[in-house]
Amino acid sequence: MLDVIGLTEAEEELYRCLLQLTTARIDELVHRLRRPREQVVAQVAALRSKGLVQATDTDPDAALRPTAPDVALGATLLRRQEDLEAARQRVTQLAEEYRSGLRRHHVDHLVEVITGARVLRDRLRDLQNSARTEVLWFCRANPLAMAGPENVEEFDALARGVSYRAIYERDLLLEPGALTDLAKGVAAGEQARVLDRLPVRLAIVDARTAICPLVPDRDGGEPSAAVIGRSQLLDALLALFESHWRVATRLRLEDPLAVPTVESRRPDPDDHPGDGYQPDADEARLLSLFVAGVPDKSIASQLGVSRRTVQRRLADLMAAAGVDTRPGLAYQAARRGWL
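Here goes a summary of the coordinates provided.

Rules behind the numbers
- Residues numbered from 1 in each chain as written.
- Predicted model: local features only at pLDDT ≥ 70, side-chain atom pairs only at ≥ 80, totals over all residues.
- Heavy atoms only, no water.
- Helix = DSSP H or I, 4+ residues; strand = E, 2+ residues; numbered from the N terminus.
- Buried < 20%, exposed > 50% of the residue type's maximum accessible area, 1.4 Å probe, protein only.
- Contact = heavy atoms within 4.5 Å.
- Areas by Shrake-Rupley, 256 points an atom, 1.4 Å probe, with all protein chains shown as cover.
- Salt bridge = Lys/Arg side-chain N within 4 Å of Asp/Glu carboxyl O.
- Core = buried A, V, L, I, M, F, W, Y, C linked by side-chain atoms within 4.5 Å.
- Pairing = 2+ DSSP bridges.
- Polar contact = N/O pair within 3.5 Å; in protein donor to acceptor, adjacent residues only side chain to side chain.
- Phe/Tyr/Trp six-rings, centres within 6.5 Å; stacked < 30°, edge-to-face > 60°.

Attention now moves to the overall build of the protein chain. Across its full length, the protein chain carries 13 helices and 10 strands. Evaluated residue by residue, the protein chain yields a buried proportion of 44% over its 339 residues. For the protein chain, the share of sequence-separated contacts (at least 6 apart) that also reach a separation of at least 24 residues comes to 69%. Within the structure as shown, the protein chain displays about 18,500 Å² of accessible surface, and the carbon and sulfur contribution to it stands at 53%.

On to the pattern of salt bridges. Two side chains that carry opposite charge are able to pair once their charged atoms sit near each other. By the definition in use, this model includes 14 salt bridges. The partner of Arg 16 in a salt bridge is Glu 12, with the nearest N and O atoms 3.1 Å apart. With Arg 16 and Glu 12 both in helix 1 (residues 9–21) and 4 residues apart, the pair spans about one turn of that helix. By relative accessible area, which is 52% here, Arg 16 ends up exposed. Judged by its relative accessible area of 18%, Glu 12 falls in the buried class. For the salt bridge of Arg 35 with Glu 13, the shortest nitrogen-to-oxygen distance reads 2.7 Å. You can see Arg 35 sitting in the loop between helix 2 (26–33) and helix 3 (37–49) and its partner Glu 13 sitting in helix 1, a full 22 residues away along the chain. A single network of salt bridges, built from pairs that share partners, joins Glu 134, Arg 165 and Glu 242.

In this structure, Trp 137, Tyr 168, Leu 173, Leu 251, Ile 299, Leu 329 and Trp 338 are the most contacted members of the largest nonpolar core, which totals 51 residues. For this core, the leading source of residues is helix 12 (residues 307–321), giving 6 residues. Leu 329 has contacts with Leu 287, Phe 290, Leu 314, Leu 317, Met 318, Ala 321, Val 323 and Trp 338, leaving out every residue within four places of it along the chain. Counting 20 residues, the second largest nonpolar core, distinct from the first, contains Leu 7, Cys 17, Leu 18 and Ala 55.

Let's shift gears to the sheet that holds strand 7 (residues 202–205). Overall, mixed pairing links the 8 strands, which are arranged 3-9-8-7-4-5-6-10 in an open sheet. Only two strands of the sheet have a single partner each, and these edge strands are strand 3 (111–115) and strand 10 (249–250). The pairing of strand 7 with strand 8 (residues 209–213) spans 3 bridges and is antiparallel. Looking at strand 8, one finds that Ala 203 is bridged to Ile 211.

Moving on: helix 10 (residues 281–291). Taken across its 11 residues, helix 10 has 9 buried, putting it largely inside the fold. Those residues of helix 10 that fall on the buried side of the exposure criterion are Asp 282, Glu 283, Ala 284, Arg 285, Leu 286, Leu 287, Ser 288, Leu 289 and Phe 290. Tucked inside the fold, the buried residues of helix 10 contact helix 8 (178–188), strand 10, helix 11 (296–303), helix 12 and helix 13 (326–335). Structurally, the start of helix 10 carries an N-cap: the backbone nitrogen of Glu 283 is 2.8 Å from a side-chain oxygen of Asp 280. Where helix 10 terminates, the next one or two residues include Gly 293, which has phi positive at roughly 90 degrees.

Here we take up the pairing of strand 5 (residues 163–169). Within strand 5, 6 of the 7 residues are buried, which leaves the element mostly enclosed by the surrounding structure. Relative to strand 5, strand 4 (residues 134–139) runs parallel, the two being bridged by 6 bridges. If you follow Leu 136 over to strand 5, its bridge partner there is Arg 165.

Scanning the entire structure with this criterion turns up 2 aromatic pairs. Arranged with centres 5.9 Å apart and planes meeting at 20 degrees, the rings of Phe 241 and Trp 245 form a pair that is stacked. Of the two residues, Phe 241 and Trp 245 both sit in helix 9 (residues 232–247), 4 residues apart, roughly one turn of that helix. Each member of the pair, Phe 241 as well as Trp 245, carries the same accessibility label: buried. A connected cluster of aromatic rings, assembled from ring pairs, spans Phe 138, Phe 241 and Trp 245.

Laid out in C-alpha cells, this is it:
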C-alpha cells in the first residue's frame, strides 16, 4: 500500500524487520530477510534517503536503527494529498468545460436529467467541491437527498472563501436538531434567511449550474432532478432566488456555542418607539427566531433557556417597542432595524 508514496514492498518489509530488532547491522538483516547482501545494502540506502533509517554512529559498519515513519513520510503524504486535490479540481474544471462545449453545440445538453438520491447527493457534493464564488440554496423541509448535517462540503467551501446564501422553509427549522445544525453553518460564514414556504428545492453554484427536482415531493419514488447549465432558464432561477432573498427574514445565529444569560439586559418598560433602544446580541437572536416564526419551545431550546424565559423576554421587548401584541413587535423590530 505504501508504494503510492514511493516505498516498495521489499523496503517496507526491511523497515518492519528493523522495527522488530530495534537496531541491526547489514549482516543481520541479510540473515533475517534471506536476501543477497547487495540487495539489502541498496534497500537500506533507499530507506536512508527517505529518512526512515539512520546509523547509530559514523562507523560505516555501524548498526542501523529505524526513525519515526510519521515524521519521515508525513511531508511526502501531504504533497501527495495536495497533488491529488489539485488533480481533482482540474478534472472537475475539465468536466465543466466538456459539458459547456456540449451545451453550446447541442441544445439537449443544456439540461441533464439525473435520477436517484445517491446520484443527486454525489452531484451536489461535486458542485460544491468545484465552487469558486457562491452557492445559493432553497432548503425545504424533509430533504430528498442530503440532510444538513451530511453537507460537510459546505464547511470546506466556506473555509476556502466561497459565499453561501441559504433560504430555509420555516417547517425545516422545527425538525429535531435543525436549529443547532443551521447555527453551525452561520457561525462558519453562511448567510441564512427563512420564509414560510419555498416554491421548489434548488441549488445554484457560481451562477453557472443549477440543480432542481423535476417532480413534486408528494409523488414518492426515486427523486429525479434537472442539472441546468448557463441558459435563460438558469437566469430565471437566479432571479427567482433573488426575489425570495429580498423578502426573507434574516436569521441571527452567529454564535451557537454561546449560552445567553437568563437575566440579560432587560428593556425599560417606559421606553418609547423613538427612544433609540437597541437589543443586545442575545435579544437580537431571540427576535430573529421569533420573527422567523419559530415556536417559543424551539426558541428556548436554541437559546438554552426555559420557554417561560422566552415569553418574558418577548414581553419585555414588546414593552420597549411600545406595543402590546406580537405582530406589533415584529413590525417594530423591522421598522427600527433591530434585525
